[in-house]
Structures are given as C-alpha cells and as structure tokens.
Amino acid sequence: MNSFTTPPQFAKVASRILAGSFLFEDLDPALLEQLSESATIKRLADGDLLFEKGDPADGLYAVEAGKIRISSLSGSGKEIVLNVLAPGAVFGEIALLDSEPRTASARAVGPTRLLYISRENFFEIFDRETELRRHITALLCRRLRWVSALLEDANFLDLTARLIKRLLWLAERHGGPDPEGIRIALPLSQQELGYMLGVTREAVNKKLRELEKAGLITRRDGRLVIRDKDGLADLLANASKS
C-alpha cells in the first residue's frame, strides 16, 4: 500500500536527489533546501498505480529508488509507454503547473520510493522565487521539444531506427563503462522497450537480434551493452536521410 513518511534524515537525501535532477541541478543550495524540507517519501510496491491519466494534480514527484513507467492508453485499450523513469527523474510538473488533469498514468516498476512535494508546498516556494520559475520554464520548453521529436520519429523513422535512437538515448543517460563498450545500467525488458516504441515484444526482440548479429550490441545479465556506438549512430543517420 502507498504510504508517506518523513524520517529525520530525509531532507539531506531529498536535497541530493533534487540537486541531481535536470530540473533543479543549478538551483542555489538555499532554494534546494527549501524544496527538500517540504518533501516527503512515498513508497510503492511493484505494479502500484501512482496516478492515472485524468486524475487531478496533487504534487511533484522525483524517483529516489526503483522505476516509474509513464504510459497512456489508446481508445482501443493499447498501452503506449512514453517513458520509464529512473532514480533522479522529476515528473508530474505539467499537471502541477496548469492545474489540469494528469496527461498520462504512472505506475511503479518494482519496489519504488519517490520524493513528493505537494502542490501547496511547491507553489508557496514557486510564487516567491524567480529562479525556480525560470527553471520550470526551461523544463517545459525541453519537454515540448521532446514530444515534437517523438512525433517526428513515429512518422519518419522505421522500427530499427526508432530502436537505435532509444538505445543511444538510454546509453547517454544511463550508460556506464563496460569492457565491451557502454553498459545501460537501467534494467529494461523487451516488453518495456516495446511499450516505449509502440510495438510488440516480439518485434523488439527481432530487431535486437539483428543488431546483436551485426556486432553493434550484446545482451548480458539482463542488461544491454552498446558495443559500437558509432556504428549505431551511422545506421540512424542513414535511416534519417532515407
């Protein structure tokens, strides 16, 4: 069951997580402290629904541990995964800012801990801090660019190119050194990759096997390893020109 707790040492943990997020990483430490002191912890079990598309906005979230799957359902009931958020990701800001219903659903993937800042607490700080308002504006611009890129990819790129682009994106944000190349630390199943790309697990598996046979990637211990980043980038570039 979902629960909120605020242990005494939590403000330091919250400050570290918020400082590492792209939304708050450049904020003055004093402002980060204000945000951290207003945060609590929310715990979710595997599969727990955090909020559903259409729900009213209650606050801002950041992933401390575990993963959150952001998704939406089509009219026919098909689920499209828009993103899988790893520790450090901040989300829920769109509905928070415009007071409109949530634009997508959020569900825990594995045991998950979140930072939570209520709408009331957030706006108490937001209304008086120009620096925070500038950061939020920049975030919304980045999100708009990201959505535009997704629409372009869906219309102009085939599945292989979309998969390569997603793998390079994951390597950039969650990649670490590996003897064979770049290891994507974020555990993602083929089903989750399929959700992200709007295709079946079988279709993703087929394309991964092709990339693996070409020596561009490998799969080991439930993780993907990019063996030839430049080779993947070249394939993507050629696909984008066609």
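Computed from a predicted structure; not experimentally measured.

### Re the UniProt feature "domain: HTH crp-type" (unreviewed entry) in the protein
In step 1: In the numbering used here, UniProt assigns the "domain: HTH crp-type" (unreviewed entry) feature to residues 157–230.
In step 2: The span residues 157–230 is 53% helical and 22% strand by assignment, and the distance between its end C-alpha atoms comes to 19 Å.

### Side note on the environment of Leu216
In step 1: Topologically, Leu216 is positioned in the loop between helix H8 (201–213) and strand S10 (217–220).
In step 2: A relative accessible area of 8% means that Leu216 is categorised as buried.
In step 3: Excluding residues within four positions of it along the chain, Leu216 makes contact with Leu211, Val225, Ile226, Arg227, Asp228, Gly231, Leu232 and Leu235.

### Quick word on the nonpolar core
In step 1: Counting 28 residues, the largest nonpolar core has Leu167, Leu193, Leu208, Leu211, Ile217 and Leu232 as the members making the most contacts within it.
In step 2: Mapped by element, the contributors of at least two residues to this core are strand S5 (79–85), helix H6 (159–174), helix H7 (190–197), H8, strand S11 (223–226) and helix H9 (229–241).
In step 3: Apart from the residues lying within four places of it in its own chain, the contact partners of Leu208 are Leu163, Leu167, Gln190, Leu193, Ile217, Arg219 and Leu224.
In step 4: Membership of the second largest hydrophobic core comes to 25 residues, among which are Ile17, Leu18, Leu27 and Leu115.

### Section: the packing of H6 against H8
Packed helix pairs are specified by the crossing angle of their axes together with the interaxial distance, meaning the distance between the axes.
In step 1: Their axes nearest at 10 Å, the elements H6 and H8 cross at an angle of 75°. Between H6 and H8, the crossing angle belongs to the class labelled roughly perpendicular. Residues Leu159, Thr160, Leu163, Ile164 and Leu167 of H6 lie in contact with H8, whose contacting residues are Ala203, Val204, Lys207, Leu208, Glu210 and Leu211.
In step 2: The residue makeup of the contact of H6 with H8, split by class, is eight nonpolar, one polar and two charged.

### Overview of the sheet that holds strand S8 (residues 175–178)
Paired through their backbone hydrogen bonds, the strands of a sheet run either parallel or antiparallel.
In step 1: Spatially, the four strands line up as an open sheet ordered S8-S9-S11-S10, and their pairing is antiparallel. What marks the edges here is a single partner per strand, and that holds for S8 and S10. Within the sheet, the average angular offset between the axes of one strand and its neighbour, ignoring direction, is 35°.
In step 2: Sheet topology places S10 next to S11; four bridges connect them, and they run antiparallel. Among the inter-strand pairings, Arg219 is bridged to a residue of S11, identified as Leu224.
In step 3: Where H8 meets the sheet, it contacts S10 and S11, and its direction lies at approximately 115° from that of S10.

### A few points about helix H2 (residues 29–37)
In step 1: Within H2 the residues assigned to the buried category are Leu31, Leu32, Leu35 and Ser36. Projected down its long axis, H2 carries its buried residues within an arc of 140°, all on one side.
In step 2: Next to the buried residues of H2 lie helix H1 (10–19), strand S7 (105–118), helix H4 (119–126) and helix H5 (130–156).
In step 3: At the N-terminal end of H2, a side-chain oxygen is found 2.8 Å from the backbone nitrogen of Ala30, two or three residues along, and the residue is Asp28.

### Re the pattern of salt bridges
In step 1: The full count for this structure, using the stated rule, is eight salt bridges.
In step 2: The salt bridge involving Arg220 is made with Asp178; its shortest N-O contact spans 2.4 Å. Of the two residues, Arg220 is situated in strand S10 and Asp178 in strand S8; the sequence distance between them amounts to 42 residues.
In step 3: Taking the relative accessible area as the measure of exposure, Arg220 reaches 28% and is therefore partly exposed.
In step 4: Residue classification places Asp178 among the buried residues on the basis of a relative accessible area of 12%.
In step 5: Close ionic contact of Glu210 with Lys207 constitutes a salt bridge, the shortest N to O distance being 3.7 Å. Separated by three residues within a single helix, Glu210 and Lys207 lie in helix H8, roughly one turn from each other.
In step 6: Shared partners join several salt bridges into a network, and the residues in it are Asp178, Glu180, Arg220 and Arg227.

Rules used throughout
Residues numbered from 1 in each chain as written. Predicted model: local features only at pLDDT ≥ 70, side-chain atom pairs only at ≥ 80, totals over all residues. Heavy atoms only, no water. UniProt positions renumbered as here; feature names shortened; annotations may be inferred. Helix = DSSP H or I, 4+ residues; strand = E, 2+ residues; numbered from the N terminus. Buried < 20%, exposed > 50% of the residue type's maximum accessible area, 1.4 Å probe, protein only. Contact = heavy atoms within 4.5 Å. Core = buried A, V, L, I, M, F, W, Y, C linked by side-chain atoms within 4.5 Å. Axes fitted to C-alpha atoms, helices over the stretch in contact; angles between N-to-C directions. Parallel < 35°, antiparallel > 145°, perpendicular 65-115°, else oblique. Nonpolar A, V, L, I, M, F, W, Y, C, P; charged D, E, K, R; others polar. Pairing = 2+ DSSP bridges. Arc of directions from axis to C-beta. Polar contact = N/O pair within 3.5 Å; in protein donor to acceptor, adjacent residues only side chain to side chain. Salt bridge = Lys/Arg side-chain N within 4 Å of Asp/Glu carboxyl O.

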